[in-house]
Amino acid sequence: MIQIRRALVCAVIAATSVWANAQSIVMSSTTSTEQSGLFAHLLPAFKKASGLDVKVVALGTGQALDMARRGDADVVFVHDQVAEEKFVADGFGLKRLPVMYNDFVLIGPKADPAGAKGQDIVAALAKLSGGNAAFVSRGDKSGTHAAELRFWKLANLTDKKGSGYKECGCGMGPALNIAASSGAYVMADRATWLNFKNRADLAILVEGDNRLFNQYGVMVVNPAKHAHVKQADAQKWVDWITSGAGQAVIADYKIGGQQLFFPNAGK
């Protein structure tokens, strides 16, 4: 009798484990969506609407896409459109859909010793390069890092960033912490900055340049590449986050009354 009961208990545990696994998906995403607090705001609403849990692995965009290429994620939510379109073109994603946007900002010491303050990111980088100003680059192949490198290229300073330029190989939060502790400049997404508490003497110095636009996209991983991908459940997330209901939840996320992300699915 005891053996029968044990067998029944084991069977129930196994069945529960399978059920629980079936009720969740894995999403590789960016550190900015995680560290800005967006997912803590979004995921409970999605769970209520769908019954699904989303297990988020927050990485730089490049690493998030690599994770999905290996088949270790069911859906990807990142912010490097060129890399996202290549991901789909290479057959790893079914379709890329825009979800929301915000912008990048250049953060630095309030005293702005390099004189970078303004609305022109290219002119600001020229000032940083010319003054060999301390600059913390994420250096992690993230969407923010990719954008930063584009701006250096636009300034014709790809190989002339100045002696103060250092790569940390880290996420947005740690990069901001390094900048705060060392009085350095750093490129950040506005949402993570607004949610960042350890600002020390840092402030936004460059904003408002149209080139600082920051678009986010979502893609279901192609099950033709990895048969175990939970396509149907991943599609539920994509359908919800791009629906009127999901877009409204994004728009509702604010810190100090300031909206962090602006929904633009279907545009």
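Residues numbered from 1 in each chain as written. Predicted model: local features only at pLDDT ≥ 70, side-chain atom pairs only at ≥ 80, totals over all residues. Heavy atoms only, no water.

Quick notes on the layout of surface pockets
- For the largest pocket, the calculated volume is near 190 Å³.
- Along the wall of the largest pocket there are 13 residues; nearest its centre are Q81, R150, F213, N214 and Q215.
- Of all elements in the fold, only helix 5 (81-89), helix 7 (143-154) and strand 9 (213-220) reach the threshold of two or more residues within the lining of the largest pocket.
- The biggest single contributor to the lining of the largest pocket is helix 7, with 4 residues.
- Class assignment of the residues belonging to the lining of the largest pocket gives a composition of 5 nonpolar, 5 polar and 3 charged. (1 Å grid on protein atoms, 1.4 Å probe; cavity = no way out; pocket = protein on both sides within 12 Å on 5 of 7 lines; lining within 4 Å. Points joined across faces, edges and corners; volume = space filled by probe spheres on them. Helix = DSSP H or I, 4+ residues; strand = E, 2+ residues; numbered from the N terminus. Nonpolar A, V, L, I, M, F, W, Y, C, P; charged D, E, K, R; others polar.)

A closer look at the packing of aromatic side chains
- Applying the stated criterion across every chain, the model contains 15 aromatic pairs.
- Consider the rings of W237 and W240, whose centres lie 6.0 Å apart with planes at 35°: the pair is tilted. Of the two residues, W237 and W240 both sit in helix 10 (residues 231-241), 3 residues apart, roughly one turn of that helix. For the pair shown, W237 and W240 are each scored as buried.
- Chaining the aromatic ring pairs together yields one cluster made of F39, F46, F77, Y216, W237, W240 and F261.
- The ring of F92 carries the charged tip of R69 above its face, separated from the ring centre by 5.9 Å.
- The positively charged end of K225 is found above the aromatic ring belonging to F92, 4.7 Å away from the centroid. (Phe/Tyr/Trp six-rings, centres within 6.5 Å; stacked < 30°, edge-to-face > 60°. Buried < 20%, exposed > 50% of the residue type's maximum accessible area, 1.4 Å probe, protein only. Lys NZ or Arg CZ within 6 Å of the ring centre and 35° of its normal.)

Considering the nonpolar core
- Counting 44 residues, the largest nonpolar core has L42, F77, I107, W237 and F261 as the members making the most contacts within it.
- Sequence-distant contacts of F261, that is, excluding residues within four places in its chain, are made with S36, L38, M100, Y101, N102, A191, Y216, I250, A251 and Y253.
- Grouped together as the second largest cluster of nonpolar side chains are 22 residues, L128, W152, Y165 and L205 included. (Core = buried A, V, L, I, M, F, W, Y, C linked by side-chain atoms within 4.5 Å. Contact = heavy atoms within 4.5 Å.)

Re the state of the cysteines
- What the rule picks out here adds up to 1 disulfide.
- The residue that forms a disulfide with C168 is C170, at a sulfur-sulfur distance of 2.0 Å. When the S-S torsion is -80°, as for the bridge of C168 with C170, the disulfide is left-handed.
- In this structure C170 comes out as buried when scored by relative accessible area, which is 14%. (Disulfide = S-S within 2.5 Å.)

Points about the side chain of K161
- Inspection of the secondary structure assignment puts K161 in the loop between helix 7 and strand 6 (165-167).
- Despite being buried, K161 has no salt bridge partner; D159 is the closest side chain of opposite charge, sitting 5.4 Å away.
- At 2.5 Å, the side chain of K161 forms a polar contact with the backbone oxygen of T158.
- When neighbours within four sequence positions are excluded, K161 is seen to be in contact with L128, S129, L149 and W152. (Lys, Arg positive; Asp, Glu negative; His and termini not counted. Salt bridge = Lys/Arg side-chain N within 4 Å of Asp/Glu carboxyl O. Polar contact = N/O pair within 3.5 Å; in protein donor to acceptor, adjacent residues only side chain to side chain.)

Topic: the confidence of the model for the chain
- Averaged over every residue, the pLDDT of the chain is 92; residues scoring 70 or more account for 92%.
- Scored below 50 in pLDDT, residues 1-21 makes 1 contact in the model with residues more than four places away or belonging to other chains. (pLDDT = per-residue confidence, 0-100.)

Regarding the pattern of salt bridges
- Per the stated rule, a full pass over the model turns up 11 salt bridges.
- A salt bridge links R190 to E207; the shortest N-O distance between them is 2.7 Å. You can see R190 sitting in helix 9 (residues 190-195) and its partner E207 sitting in the loop between strand 8 (202-206) and strand 9, a full 17 residues away along the chain.
- Where salt bridges share partners, they join D103, R190 and E207 into one cluster.

Description of the environment of I25
- By the secondary structure assignment, I25 is in strand 1 (residues 24-30).
- Separated by 168 residues in the primary sequence, I25 and W193 have C-alpha atoms spaced 28 Å apart.
- Beyond its immediate sequence surroundings of up to four residues, I25 is in contact with D53, V54, K55, D74, V75, K230, D233, A234 and W237.

What to know about the side chain of T192
- Position of T192 among the secondary structure elements: in helix 9.
- A residue is classified by how much of its surface remains accessible, and T192, at 3% relative accessible area, is buried.
- In terms of polar contacts, T192 uses its side chain to reach the side chain of D189, at 2.8 Å.
- Other than its neighbours up to four places away in sequence, T192 contacts S32, Q35, S36, M172 and L176.

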